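Take a look at the letters that make up each chain.
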Amino acid sequence: MSGRAQLMWDEAVTGYDFGPEHPMDPVRLALTRRLVDAFGLDRDMEVVAAKPAGESTLRLVHRDDYIEAVKTASVEPGAADQSYGLGTVDDPAFAGMHDVSAMIAGQSVGAAEAVWRGEASHAVNFAGGLHHAMPGGASGFCIYNDASLAIARLLELGAERVAYIDVDVHHGDGVQAAFWEDPRVLTISLHEHPRTLFPQTGWPEETGAADAEGSAVNVALPAGTGDAGWLRAFHAVVPELIADFRPQVLVTQHGADTHFEDPLAHLAVSLDAQRAVQVACHDLAHEYADGKWVALGGGGYAVVEVVPRSWTHLVGIAAGRPIEPTAMIPESWRQEVFARTRQLAPARMTDGRWPVSWADWEAGYDPGDRLDQAVLAARRAAFPLRGLLP
Ligand SMILES: [Zn+2]
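Only a predicted model underlies this, so the values are computations on that prediction, with no experimental measurement involved. Each chain has its residues counted from 1, following the order in which its sequence is written. pLDDT decides what is reported in this predicted model: residues at 70 or higher carry local features, side-chain atom pairs at 80 or more are listed and counted, and totals for whole chains, interfaces and linings draw on all residues regardless. The side-chain values count all of the structure's non-hydrogen atoms but skip hydrogen atoms and water molecules.

1. Examining the coordination of the zinc ion
Taken together, the protein ligands of the zinc ion are Asp168 (OD), His170 (ND1) and Asp257 (OD), with distances of 1.9 to 2.1 Å. The sequence pattern formed by the donor residues of the zinc ion is D-x1-H-x86-D. Remark: Asp257 occurs in the loop between strand S7 (249–253) and helix H8 (271–288) and Asp168 occurs in the loop between strand S4 (162–166) and helix H6 (173–178); sequence separation between them is 89 residues. With a relative accessible area of 1%, Asp168 lands in the buried category. Sodium, potassium and calcium take a 3.2 Å donor cutoff, other metals 2.8 Å, and in both cases only N, O and S atoms count; water is not among them, so sites may look incomplete. A run of DSSP states H or I qualifies as a helix once it reaches four residues; a run of E qualifies as a strand once it reaches two. Both are numbered from the N-terminal end. Residue exposure (1.4 Å probe, protein chains only): buried if accessible area is under 20% of the type maximum, exposed if over 50%, otherwise partly exposed.

What follows is the structure, given as structure tokens:
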């Protein structure tokens, strides 16, 4: 019998701040944490502050020279080495950058340890999901790749099969790269097509190295994909792979930037569909991974309107007390939002698209439809490598 769900949180994670001009405003983390409390979810789970990831842990994924470069930039931001992606427009250096990045990574590693050891049924670190960081460099607002580090720690603890599902609007390139040659880790990423979005990778043909063929799966969705298409693609690809792979642990990344209000990308997904995928991931963990589920945040730049609601749903699902889409948002939170941001907060936990429906892949597909072409490309490239029908 595993323990209650854990919410990983140390207030210090809100120090992950690239500055006032940067879209990744840490107010999104603070507002999410407050909304979780406003719904009383903190009483349904253990709130745990794990220790920051130490150097031996960071080295499970990151190169020594890169860690040194982050530490140098952390002490003297002006000396950031751009050849490591540090001190760039996407990843400006700031004082204390190493420490807060290691703190976020530590929460994901702690989540993985608690779930693996059965101390927690599920664990959520919505400050994590920094999936673009590479073994040897910063990228796309990500310094240390907490998702990769959590998976690497699971392998170190003896896991033989870990599945990673990434539904951020951007390709989960850093995680794919970290385990490109490792058949013990199945990475599945659904994202906007690389033709129209950073990081311009995540083509269906990216399926893993020679000794790990079929261990990477990429669903490259056309710009403009909405709820029905997004859910259709998820259900046409993900459950079959998970059922076949039988992971011992499921790690999922829930970037909220698929949303139609997100300013940095071009999918048109609602909060209601995001919640439906969160529920589906939870169900998959129970069905195939003995309930062992590590859920992470990720991107999301509609920092008031979308991110806090999306990740509060995620926390509620993990806590075993899912919040109804029709729920009204507590007035105390809305007042805090206005005080902190001078923006009006949403009133409900829905975008009014509930219940979301989609057409089942098994019932047939249209080879002339762009969404179906994206699904077909993913299946044709990866499924046969896993012994599955395309
Ligand atoms: Zn993203």
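That shown, we press on.
2. A closer look at the UniProt feature "domain: Histone deacetylase" (unreviewed entry) in the chain
The sites that UniProt annotates as "domain: Histone deacetylase" (unreviewed entry) are residues 22–315. The straight-line gap between the two end C-alpha atoms of residues 22–315 is 26 Å; of that span, 38% is helix and 12% is strand. UniProt positions are given in the numbering used here, feature names are shortened, and annotations may be inferred rather than shown by experiment.

3. Description of the side chain of Thr187
Among the structural elements, Thr187 can be located in strand S5 (residues 185–192). Excluding residues that lie within four positions of it along the chain, Thr187 makes contacts with Tyr164, Val175, Gln176, Ser215, Ala216 and Val217. Any two residues whose heavy atoms approach within 4.5 Å are treated as being in contact.

4. So, the side chain of Ser148
Summarising the element assignment, Ser148 is placed in helix H5 (residues 146–156). Ser148 has contacts with Val61, Gly174, Val175, Ala178 and Phe179, leaving out every residue within four places of it along the chain.

5. Digging into the pattern of salt bridges
Here a salt bridge means any side-chain nitrogen of Lys or Arg lying within 4 Å of a carboxyl oxygen belonging to Asp or Glu. If you walk through the whole model with that rule in mind, you get 18 salt bridges. The residue Glu156 makes a salt bridge to Arg153 at a minimum N-O spacing of 2.6 Å. Taken as a pair, Glu156 and Arg153 lie in helix H5 at a separation of three residues, close to a single helical turn. Between Arg184 and Asp182 there is a salt bridge, with the nearest N and O atoms lying 2.8 Å from each other. Given a relative accessible area of 14%, Asp182 falls into the buried group. A single salt-bridge network, built from bridges that share partners, covers Glu55, Arg59, Asp64 and Lys71.

6. A look at the packing of aromatic side chains
A pair of Phe, Tyr and Trp rings is counted when the ring centres sit within 6.5 Å of each other, with Trp represented by its six-membered ring. The angle between the planes then sorts it: under 30 degrees is stacked, over 60 is edge-to-face, the rest tilted. For the structure on display, the rule yields nine aromatic pairs. With a centroid separation of 6.1 Å and 80 degrees between ring planes, the pair formed by Tyr66 and Tyr144 is classed as edge-to-face. With Tyr66 in helix H3 (residues 64–75) and Tyr144 in the loop between strand S3 (122–125) and H5, this residue pair connects regions lying 78 residues apart in the sequence. Judged by its relative accessible area of 1%, Tyr144 is buried. Among the aromatic residues, those joined into a ring-pair cluster are Trp9, Phe126 and Trp311.

7. Side note on unusual backbone geometry
The linkage connecting Phe198 with the following residue, Pro199, adopts the cis geometry, with an omega of 0 degrees. Within the fold, Pro199 resides in the loop between S5 and strand S6 (216–221). Cis peptide bonds are those with omega within 30 degrees of zero, and the linkage from Trp354 to Pro355 qualifies with -5 degrees. Looking at where Pro355 falls in the secondary structure, it is placed in the loop between helix H10 (331–341) and helix H11 (370–382). Even without a glycine there, the phi angle at Gln200 is positive, about 65 degrees.

8. Overview of helix H7 (residues 227–245)
Relative to the 27 Å expected for 19 residues at 1.5 Å per residue, H7 spans 27 Å between its end C-alpha atoms, a close match to the ideal helical length. The angle separating two fitted axes, one through the seven residues that finish at a residue and one through the seven that start at it, defines the bend at that residue. At His235, H7 is bent by approximately 30 degrees, the largest bend along its length, and proline Pro239 sits one to four residues beyond. Here a helix's expected span is defined as the number of its residues, less one, multiplied by 1.5 Å.

9. With respect to the pairing of S7
The element S7 is largely enclosed, with a buried count of five among its five residues. A two-sided burial pattern is seen for S7, the buried positions comprising Val249, Val251 and Gln253 on one face and Leu250 and Thr252 on the other. Where S4 lies against S7, five bridges are found, and the strand directions are parallel. Looking at the pairing, Asp166 lines up with Gln253 of S7. Any two strands with at least two DSSP bridges between them are considered paired. With four bridges joining them, S7 and strand S8 (residues 293–296) adopt parallel strand pairing. Bridge assignment links Gln253 to a residue of S8, and that residue is Leu296.

10. Some points on the nonpolar core
Within this scheme, the nonpolar core is defined by two criteria: the residues are buried Ala, Val, Leu, Ile, Met, Phe, Trp, Tyr or Cys, and they are joined through side-chain atoms within 4.5 Å. Among the nonpolar cores identified, the biggest contains 131 residues, and Leu86, Ile143, Ile165 and Phe234 are the most heavily contacted of them. Residue contributions to this core peak at 10 residues, all from H7. Those residues in contact with Ile143 that lie beyond four places of it in its chain are Tyr16, Phe18, His62, Tyr66, Val70, Leu86, Asp91, Met97, Ser101, Ala133 and Ala138.

11. Points about H11
Compared with an ideal rise of 1.5 Å per residue, which puts 13 residues at 18 Å, H11 spans 19 Å between its outermost C-alpha atoms and is within 8% of the ideal. Residues of H11 that are buried: Leu371, Asp372, Ala374, Val375, Leu376, Ala378, Arg379 and Ala382. By the criterion applied in these results, polar contacts are pairs of N or O atoms within 3.5 Å in which, for protein atoms, one can donate a hydrogen and the other can accept it, and in which residues neighboring in sequence qualify only through two side-chain atoms. Capping the start of H11 is the job of one residue whose side-chain oxygen sits 3.1 Å from the backbone nitrogen of Leu371: Asp369.

12. Here's the deal with the packing of H3 against helix H4 (residues 97–116)
Running from N to C, H3 and H4 cross one another at 125 degrees; their axes reach a closest spacing of 7 Å. It follows from the interaxial angle that H3 and H4 lie oblique. Contacts between H3 and H4 involve Ile67, Val70, Lys71, Ala73 and Ser74 on the former and, on the latter, Met97, His98 and Asp99. Residue polarity is assigned by list, with Asp, Glu, Lys and Arg as charged and Ala, Val, Leu, Ile, Met, Phe, Trp, Tyr, Cys and Pro as nonpolar; anything else, Gly included, falls into the polar class. Of the residues assigned to the contact of H3 with H4, the class counts are four nonpolar, two polar and two charged. Axes, fitted as lines to C-alpha atoms, cover a helix only where it is in contact. Angles between the N-to-C directions of the axes lie from 0 to 180 degrees. For classification purposes, angles smaller than 35 degrees are called roughly parallel, those larger than 145 roughly antiparallel, those between 65 and 115 roughly perpendicular, and all remaining angles oblique.

13. Thoughts on the environment of Gln6
Along the chain, the position of Gln6 falls in strand S1 (residues 6–8). With 222 residues separating them along the chain, Gln6 and Ala228 place their C-alpha atoms 31 Å apart. In this view, Gln6 contacts Met45, Glu46, Val48, Ala114, Glu119, Ala120, His122, Ala123 and Val124; residues no more than four positions away in its chain are not counted.

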